[in-house]
Amino acid sequence: EAIKLKEKKIATEIIAVSIGNKACQESLRTAMAMGADRGIHIETSMRTDQEVQPLAVAKTFKFIAEREKADMIIVGKQSIDADSCQTGQMLAGLLSWPQCTFAAKLEVSEDKKSAKVSRESDAGTEDLTISLPAVMTADLRLNEPRYATLPNIMKAKKKPMEVLTMDAITGVDFTAQNTVVAIEEPATRQAGITVDSVESLIDNLKNKAKVI
């Protein structure tokens, strides 16, 4: 979506940001091959599915947003590991910015002071107008995936990528606030049975399943 905004001359620069080990740089290079202007990698050996938690990530993005004077932040609606679905909301709160979660369509006004956003909800689609700057969390339907071409992949290798350590992120404590105590598989579901009468069904529901 950020690339589309730049193509429409609404955005002037796109910065891709990621937190994690060195493998993140490959993802950032892919983002730059698709159109991002530069990347910022906050390098850590901590586990991003357990140890690097949403509040610390939100505070890190706040640090980057204020340093870079961002006008809009677009993040995923939830991670693919912890599925916390918290970072975007916490970030908006920390910045005191408006937010729109699960955004499926985005239109920025000509004066770049507001945006019309359609968001997915259990009841259907909601149409909102929010002021900018703002935080968006992207729904799957926001865009069709783009694929980087070979020439752009080669160009991306020359685009700037800043690597920061966690110590460089001022005012953020990366100590995990939650601890995973145990992970267990659900109990195996027992096979069903067939009954030959209504009386037998009622007896099983009452005396064995104990649901009536």
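Use the structure listed above.
## Some points on the environment of Ser200
Turning to step 1, where the next piece is worked out: Position of Ser200 relative to the elements: it lies in helix α6 (residues 198-208).
Turning to step 2, where the next piece is worked out: A C-alpha to C-alpha distance of 52 Å links Ser200 and Gln177, two positions 23 residues apart in sequence.

## Considerations on the nonpolar core
Turning to step 1, where the next piece is worked out: Counting residues in hydrophobic clusters, the biggest one holds 22 residues, and the most contacted among them are Ile42, Ile73, Leu91, Leu95 and Val135.
Turning to step 2, where the next piece is worked out: Contributing elements (two or more residues each) for this core: β2 (38-43), α3 (54-68), β3 (72-76) and α4 (87-95).
Turning to step 3, where the next piece is worked out: Of all the elements, α3 adds the most residues to this core, at six residues.
Turning to step 4, where the next piece is worked out: When sequence neighbours within four positions are dropped, the list of residues in contact with Val135 reads Ile73, Gly88, Leu91, Ala92, Leu95, Trp97, Pro98, Gln99 and Cys100.
Turning to step 5, where the next piece is worked out: Membership of the second largest hydrophobic core comes to eleven residues, among which are Leu5, Val108, Ala115 and Val117.

## A short note on helix α2 (residues 24-34)
Turning to step 1, where the next piece is worked out: What α2 keeps buried is the set Cys24, Leu28, Met32 and Ala33.
Turning to step 2, where the next piece is worked out: Buried-residue contacts for α2 involve β1 (15-20), β2, α5 (150-156) and β8 (161-165).
Turning to step 3, where the next piece is worked out: Positive backbone phi, approximately 145°, marks Gly35, located one or two places after α2.

## Structural notes on unusual backbone geometry
Turning to step 1, where the next piece is worked out: Of the consecutive residues Leu132 and Pro133, the connecting peptide bond is found in the cis state with omega at 5°.
Turning to step 2, where the next piece is worked out: Relative to the helices and strands, Pro133 is located in the loop between β6 (124-131) and β7 (134-138).
Turning to step 3, where the next piece is worked out: Backbone geometry at Lys69 places phi at a positive 55°, although glycine is not the residue there.
Turning to step 4, where the next piece is worked out: Looking at the element boundaries, Lys69 is found in the loop between α3 and β3.
Turning to step 5, where the next piece is worked out: At Cys85, a position not held by glycine, the phi torsion is positive, near 60°.
Turning to step 6, where the next piece is worked out: By the element assignment, Cys85 lies in the loop between β3 and α4.

## Regarding the sheet that holds β6
Neighbouring strands of a sheet are bound in pairs by backbone hydrogen bonds; such pairs are parallel or else antiparallel.
Turning to step 1, where the next piece is worked out: Within the open sheet, the five strands sit side by side as β3-β7-β4-β5-β6. Their pairing is mixed. Two strands bound the open sheet, and with one partner strand each, they are β3 and β6. The average undirected angle you get between the axes of adjacent strands in this sheet is 45°.
Turning to step 2, where the next piece is worked out: The pairing of strand β4 (residues 99-108) with β7 spans three bridges and is classified as parallel. Bridging across to β7, Cys100 finds its partner in Met136.
Turning to step 3, where the next piece is worked out: Strands β3, β4 and β7 of the sheet are contacted by α4, whose axis makes an angle of about 180° with β7.

## Looking at the pairing of β4
Turning to step 1, where the next piece is worked out: Where β4 lies against strand β5 (residues 114-121), five bridges are found, and the strand directions are antiparallel. Opposite Ala103, over in β5, you have Arg119 as the bridge partner.
Turning to step 2, where the next piece is worked out: Here β4 folds back onto β5, and the loop between the two strands holds five residues, one of which, Lys112, carries a positive phi near 60°.

## Describing the state of the cysteines
Turning to step 1, where the next piece is worked out: Summed over the entire model, instances satisfying the criterion amount to zero disulfides.
Turning to step 2, where the next piece is worked out: Cys85 takes part in no disulfide bond, and the closest cysteine sulfur to it belongs to Cys100, at a distance of 12 Å.

## As for the sheet that holds β2
Turning to step 1, where the next piece is worked out: Pairing in this open sheet of three strands is parallel, and the strands run β1-β2-β8 from one edge to the other. Looking along the sheet, the strands with just one partner apiece sit at the ends: β1 and β8. Mean inter-strand twist for the sheet, computed between neighbouring axes without regard to direction, equals 15°.
Turning to step 2, where the next piece is worked out: Taken together, the six bridges between β1 and β2 define a ladder with parallel strand orientation. By the bridge assignment, Ile19 is partnered in β2 with Ile42.
Turning to step 3, where the next piece is worked out: Docked against the sheet, α2 engages β1, β2 and β8, running at close to 165° with respect to β1.
Turning to step 4, where the next piece is worked out: In the packing of α3 onto the sheet, contacts are made with β1, β2 and β8, and the angle to β1 comes to roughly 150°.

So, how was this worked out
Residues numbered from 1 in each chain as written. Predicted model: local features only at pLDDT ≥ 70, side-chain atom pairs only at ≥ 80, totals over all residues. Heavy atoms only, no water. Helix = DSSP H or I, 4+ residues; strand = E, 2+ residues; numbered from the N terminus. Core = buried A, V, L, I, M, F, W, Y, C linked by side-chain atoms within 4.5 Å. Buried < 20%, exposed > 50% of the residue type's maximum accessible area, 1.4 Å probe, protein only. Contact = heavy atoms within 4.5 Å. Pairing = 2+ DSSP bridges. Axes fitted to C-alpha atoms, helices over the stretch in contact; angles between N-to-C directions. Disulfide = S-S within 2.5 Å.

Nothing here speaks to function; it is all geometry.
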